[in-house]
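# Fold and geometry: a report
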Amino acid sequence: MIPRTVVIVTGAVILAVLSAAVVLSQATVKRMTFRPIASVRGVDVYKAYCATCHGDDGKGQGPSAAGLKVKVPDLTTIAIRNGGNFSFGAVEDSINRWKQVPQTMTDVLDIQQGRQALPMPAFGPIFAQLYPQEVNERRMRMSNLISYIKSLQVAQDPAQKK
Ligand code: HEC
């Protein structure tokens, strides 16, 4: 596989996530680097792209979460927050975020200069860039990723447990 990376620059803090899992922090710009992985397993996709914010357990306390202005949601309570319903389509939209992709150069500059915060990167375009040829693998990764998140769902909100 040819090494490809996607760098996203957004809001408040520089977070350069390097291949050696080194996180650099600096004021004003946030930078994240994502690299392609060979595995199509949901857990591997999750660890490679999501755990830095959402945490290994999905509860929203990953190492990058503290640097964000927006609270990172608990991915284990999606179903209970939606009346027991886990919608594959809605979760897929939350991950891909095609609607959030900057449409104009002004949007791009706003994001780069921190006037517009993108709390979560839009993974639709990121995965398309990281895996341009591997259309079937990309579908498989997305479907396995969503199944993995579904497998993390808890039956009861821990905050409401007596
Ligand atoms: C830079 C940190 C960051 C990364 C990386 C990240 N997320 Fe998020 N995610 C957030 C934040 C913050 C929110 C809440 C605000 C929003 O939705 O934009 C969120 C929201 C979500 C939601 C909606 C949750 C809900 O309760 O409705 C889903 C689903 C989700 N993320 C899945 C993922 C998956 C899967 C990945 C990896 C492919 C991922 N996220 C990577 C920060 C991140």
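Because the structure is a prediction, the values reported are computed rather than measured. (Residues numbered from 1 in each chain as written. Predicted model: local features only at pLDDT ≥ 70, side-chain atom pairs only at ≥ 80, totals over all residues.)

### Thoughts on the overall build of the chain
Scanning the chain from N- to C-terminus turns up seven helices and four strands. If you list the helices and strands of the chain from N to C, you get β-β-β-β-α-α-α-α-α-α-α. Counting only contacts in the chain whose residues sit at least 6 apart along the sequence, the fraction spanning at least 24 positions is 56%. (Helix = DSSP H or I, 4+ residues; strand = E, 2+ residues; numbered from the N terminus. Contact = placed C-beta atoms within 7 Å.)

### Quick notes on the site of the ligand
Contacts to the ligand come from 20 residues, most closely from Cys50, Cys53, Ser94, Pro119 and Met120. Where the shell around the ligand is concerned, the elements lending two or more residues are α2 (51-54) and α4 (88-96). Among the residues forming the shell around the ligand, the class breakdown is 16 nonpolar, four polar and no charged. (Near = placed C-beta within 6 Å. Nonpolar A, V, L, I, M, F, W, Y, C, P; charged D, E, K, R; others polar.)

### Quick notes on the nonpolar core
If you look at the biggest cluster of nonpolar residues, it comprises 17 residues, and the most contacted ones within it are Phe34, Tyr49, Phe123, Leu145, Ile146 and Ile149. Elements with a contribution of two residues or more to this core: β4 (30-34), α1 (42-49), α6 (123-130) and α7 (135-151). Ile149 has contacts with Gly58, Leu75 and Val91, leaving out every residue within four places of it along the chain. (Core = buried A, V, L, I, M, F, W, Y, C linked by C-beta atoms within 7 Å. Buried ≥ 20, exposed ≤ 12 C-beta atoms within 10 Å, placed from the backbone.)

### Here's the deal with α7
With 17 residues, α7 should cover 24 Å at 1.5 Å per step; its first-to-last C-alpha distance of 24 Å lies within 8% of that length. Those residues of α7 that sit buried are Arg141, Met142, Leu145, Ile146 and Ile149. What you see down the axis of α7 is that its buried residues fit within an arc of 125°, all on one side. Seen from the open side of α7, the exposed residues pointing more than 90 degrees away from its buried face are Asn136, Arg139, Ser147 and Ser151. The inward-facing, buried residues of α7 abut α1 and α4. (Expected span 1.5 Å × (residues − 1). Arc of directions from axis to C-beta.)

### Section: the confidence of the model for the chain
Across the chain, the average pLDDT comes to 80, with 72% of residues at or above 70. Strand β3 (residues 23-27) is the least confidently modelled element of the chain, averaging 33 in pLDDT, while α1 averages 98, the highest of any element. (pLDDT = per-residue confidence, 0-100.)

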